[in-house]
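# Chain and residue survey
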Amino acid sequence: MTIVKLTAAVQRFWEVESFEDGKAMSLEEQYCEDHYRNTHTRAPDGRYVVWLPIREEMLSELGESLPVAQRRFRAMERKFLTNTKLHIDYSQFMEEYELLGHMKVIDHDPVTPHFFLPHHAILRPDSTMTKTLVVFDGSCKSAINILLNDIFDIGPTVQPLLLTTTINFRMTKYAVTVDAEKMYRQIWVHPSDRALQQIVWRKHQSDQLKLYHLKTVTYGTACAPFLATRSLNQLAVDEEKQFPLAARLVKRFYIDDCLAADDDKLRMIEGAVAGISENFLYYVLTSDSFMSALKRFVSRRGRVTDVHCDNARTFVGANRELQEYKQQFDTVHRSSALAESCTEAGIKFHFNPARSPHFGGLWEAAVKVFKHHLYRIMKNTLFTIEEFQTLITSIE
């Protein structure tokens, strides 16, 4: 290789990720942005509802897609006959899809513009989450050689540049990685557009082939990355006043992954665990958090005198704070009435020996039994934090 070619190769290497911050949108991209801004809504469960950015002039030209989808599915069924593990994993994936309410059985309506998406499996043996992923093929041609993705506008790139994300991640003292689970499927597609996301499925060959429509943004369609990322950004905008630190973190997502960093450790942690909506709330395991939980418990069950727990720093810190509060009341106010108003004062903590979790076997067993029956009742039902707290309090 000559010096000229070598120099050109090095230049191309560094130009792989072009830095075009502030690039103006094309007319198509601006249309997608305006379409999203004018049509998206928020469902009662807190999720966003979006309309697909459809090129209306091409909608009537889709052609018939059901025969192709049926043929591709029967090909998958032949694979199931020779790969039982694939059949089991595939069925579990689809059953979860239906159980979560992300797809629904429908009757075929040949009049309404529609499209049937073929689907197949992608095997990821190294994945710690989903080893078998079902992918929907929006690039499959219909009977007249038209792709579903041909009628969608792709939309602009709204996530931060990968180069910017990587540099920011390496420049500060502390870092955190976050993954948005089932990110696309957290966003509803408006019912009027779901006919364009239909599939065929059955668990066993002896069953009748059923028709479904997919109710959420679907991986494999050309507009899905824009709709999902744009909704995540909209979430940050809508909730920024209530959760400023978390909103700042959400804006750093690159698709469904976030690499965030900060020189302030506490600020970074608070941003990482702060809730953006009632569907995504987290509890911080600090002494302050435990103190709040203890106050709620006392308010419902009455004053307690003894607390048995392990030697975690959360509880040790809470015990120290309670003793300090009691000393302040006894020393400064010298008022029994005022001391009584602090219902937690005087609680005695009994700690297990350090690094001896087996000493708490009695109450750990009780927690295990409660969790077992709770799971039997809830199974895979999705609760908002308000619904979950209501359920737990009612059981208590």
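Read on for a plain summary of the structure. Everything numeric here is computed off the predicted structure, so don't read it as measured data.

### Considerations on the sheet that holds strand 3 (residues 103–106)
The strands making up a sheet associate through hydrogen bonds between their backbones, and the pairing can be parallel or antiparallel. Taken in spatial order, the three strands make up an open sheet running 3-9-8, and their pairing is antiparallel. Both edges of this open sheet fall to strand 3 and strand 8 (198–201), since each of them pairs with a single strand only. Strand-to-strand twist across the sheet, computed as the mean angle between neighbouring axes with direction ignored, equals 40°. Relative to strand 9 (residues 210–214), strand 3 runs antiparallel, the two sharing four bridges. Each bridged residue has a counterpart across the sheet, and for Ile 106 the counterpart in strand 9 is Leu 211. Packing of helix 3 (residues 66–82) onto the sheet brings it into contact with strand 8 and strand 9, and relative to strand 8 it is tilted by some 35°.

### What to know about the packing of helix 2 (residues 27–39) against helix 6 (residues 224–238)
At their nearest, the axes of helix 2 and helix 6 sit 11 Å apart, and the two run at 55° to each other. By the angle between their directions, the pair helix 2 and helix 6 is classed as oblique. As for how helix 2 packs across helix 6, the hand of that crossing is right-handed. From helix 2, Cys 32, Glu 33 and Tyr 36 reach across to helix 6, where they touch Phe 226, Leu 227, Arg 230, Ser 231 and Gln 234. Here the residues of the contact of helix 2 with helix 6 are counted per class, giving four nonpolar, two polar and two charged.

### Things to note about the packing of aromatic side chains
Scanning the entire structure with this criterion turns up seven aromatic pairs. Here the aromatic rings of Tyr 97 and Phe 136 are separated by 5.8 Å at their centres, their planes lie at 75°, and the arrangement is edge-to-face. Here Tyr 97 is found in helix 4 (residues 84–99), whereas its partner Phe 136 is found in strand 5 (residues 132–136), with 39 residues between them in sequence. Given a relative accessible area of 2%, Tyr 97 falls into the buried group. Ring centres of Tyr 184 and Tyr 219 lie 5.8 Å apart, and the angle between their planes is 40°; this geometry places the pair in the tilted category. Here Tyr 219 lies in the loop between strand 9 and helix 6 and Tyr 184 lies in the loop between strand 6 (174–179) and strand 7 (188–189), a separation of 35 residues in the sequence. In this structure Tyr 184 comes out as buried when scored by relative accessible area, which is 13%. Site record: aromatic cluster; members linked through ring pairs are Phe 73, Phe 80, Tyr 90 and Trp 201.

About the thresholds
Residues numbered from 1 in each chain as written. Predicted model: local features only at pLDDT ≥ 70, side-chain atom pairs only at ≥ 80, totals over all residues. Heavy atoms only, no water. Pairing = 2+ DSSP bridges. Helix = DSSP H or I, 4+ residues; strand = E, 2+ residues; numbered from the N terminus. Axes fitted to C-alpha atoms, helices over the stretch in contact; angles between N-to-C directions. Contact = heavy atoms within 4.5 Å. Parallel < 35°, antiparallel > 145°, perpendicular 65-115°, else oblique. Left-handed = near helix turned anticlockwise from the far one by under 90°. Nonpolar A, V, L, I, M, F, W, Y, C, P; charged D, E, K, R; others polar. Phe/Tyr/Trp six-rings, centres within 6.5 Å; stacked < 30°, edge-to-face > 60°. Buried < 20%, exposed > 50% of the residue type's maximum accessible area, 1.4 Å probe, protein only.

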